[in-house]
Amino acid sequence: MSTATATAAPARTGQVLADLLPASRVRDAALVLGGAALTGLAAQISVPVPGSPVPVTGQTFAALLVGTTLGASRGLSALVLYALAGLAGVPWFAGGTSGVSVSFGYILGMLLASTVVGALARRGADRDVLRMAGTMLLGEALIYAIGVPYLAYAADMSASAAVAAGLTPFLLGDALKAALAMGVTPTAWKLVNKR
């Protein structure tokens, strides 16, 4: 075993994909801004769901991907920037909206989810398909854990009505998003490790 091989493996332990870029404050600021912009762009993929005030969007996928690739602190910073800019009037919430709506709880859930999946990614949860599946499912669960009760409160719905309108119609789509994420980051790590 060569010295280069012995030192290369530990250097990646505890890293997320973004850590492979040369470290600087400019890098971190660009990653946070890029993560917020990616989430805002993905939110424009918005499909109305009959009987629900919450559309299917790409923003949950983007938020979880931002968390896993940037790590907990930068992922949280990106989602905080996304949320604050949207509250300030930037039209990059679902379907080009801004401000507080009945679906704002999902954005709050994305803040928590991005942080948690980022912390898990730093511990290697983004390195293989099975752990990535669990990470994405946990992230989705956290988004719903905040989004659905907020929907019930903001839309004056019963808990069962909020589950029917804000959770059940999205399960299949979220499973597909999780499957996509399960392929993205483990594949990226495999490519990096081949270098």
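Structure's up top.
Anyway, here's the lowdown on the structure attached to this text. (Residues numbered from 1 in each chain as written. Predicted model: local features only at pLDDT ≥ 70, side-chain atom pairs only at ≥ 80, totals over all residues. Heavy atoms only, no water.)

Once that is clear, we can look at the overall build of the protein chain. Scanning the protein chain from N- to C-terminus turns up 8 helices and 2 strands. Of the regular secondary structure in the protein chain, the N- to C-terminal order runs α-α-β-β-α-α-α-α-α-α. Relative to the compact-globule value of 16 Å for 195 residues, the protein chain shows a C-alpha radius of gyration of 17 Å, a close match. Its C-alpha atoms give the protein chain principal-axis dimensions of roughly 65 × 35 × 20 Å. A burial count over the protein chain gives 45% of its 195 residues as buried. (Helix = DSSP H or I, 4+ residues; strand = E, 2+ residues; numbered from the N terminus. Rg over C-alpha atoms; globule rule 2.2 N^0.38 Å. Buried < 20%, exposed > 50% of the residue type's maximum accessible area, 1.4 Å probe, protein only.)

Before going further, it helps to spend a moment on the packing of aromatic side chains. Inspection of every chain in the model, using the stated rule, returns 5 aromatic pairs. Measuring from ring centre to ring centre gives 6.1 Å for Phe93 and Phe104, while their planes differ by 50°; the resulting arrangement is tilted. Of this pair, Phe93 sits in the loop between helix H4 (72-87) and helix H5 (104-122) while Phe104 sits in helix H5, and the two are 11 residues apart along the sequence. A single burial state applies to Phe93 and to Phe104, both of which are buried. Through successive ring pairs, a cluster of aromatic residues spans Tyr82, Trp92, Phe93, Phe104 and Tyr150. Arg127 extends its terminal NZ or CZ atom over the ring of Trp189, reaching a point 3.6 Å from the ring centre. (Phe/Tyr/Trp six-rings, centres within 6.5 Å; stacked < 30°, edge-to-face > 60°. Lys NZ or Arg CZ within 6 Å of the ring centre and 35° of its normal.)

Further remarks concern the environment of Leu84. Topologically, Leu84 is positioned in helix H4. Residues Leu84 and Gly99, 15 residues apart in the sequence, show an inter-C-alpha distance of 9.1 Å.

General note: in soluble globular proteins, nonpolar side chains tend to be found buried as a group. Residues Leu79, Tyr82, Tyr106, Ile107, Met110 and Met136 are the most contacted members of the largest nonpolar core, which totals 43 residues. Looking at this core, the elements that each hand over two or more residues are helix H2 (25-42), helix H3 (59-70), H4, H5, helix H6 (129-154) and helix H8 (171-193). For this core, the element with the most residues is H6, which contributes 9 residues. Leaving out residues up to four positions away in the same chain, Met110 has contacts with Gln59, Thr60, Ala63, Leu79 and Ile143. (Core = buried A, V, L, I, M, F, W, Y, C linked by side-chain atoms within 4.5 Å. Contact = heavy atoms within 4.5 Å.)

Since the α-helix packs 3.6 residues into each turn, any two residues three or four apart lie on the same face. Taking 1.5 Å of rise per residue, 19 residues should cover 27 Å, and H5 covers 28 Å from first to last C-alpha, within 8% of that figure. The complete set of buried residues in H5 reads Phe104, Gly105, Tyr106, Ile107, Gly109, Met110, Leu111, Ala113, Ser114, Val117, Gly118 and Ala121. Looking at the buried positions of H5, the neighbouring elements they touch are H3, H4, H6 and helix H7 (159-166). At the C-terminal side of H5, Gly124 shows a positive phi close to 95°. (Expected span 1.5 Å × (residues − 1).)

Once that is clear, we can look at a nonpolar patch on the surface. Taken together, the side chains of Leu76, Val80, Leu84, Leu87 and Val100 present a nonpolar region at the surface, about 410 Å² in accessible area. Note on placement: Val100 falls in the loop between H4 and H5. (Patch = residues over 30% accessible without salt bridge, like charges linked within 9 Å, V, L, I, M, F, W, Y side chains within 5 Å. Areas by Shrake-Rupley, 256 points an atom, 1.4 Å probe, with all protein chains shown as cover. Salt bridge = Lys/Arg side-chain N within 4 Å of Asp/Glu carboxyl O.)

By themselves these figures say nothing about function.
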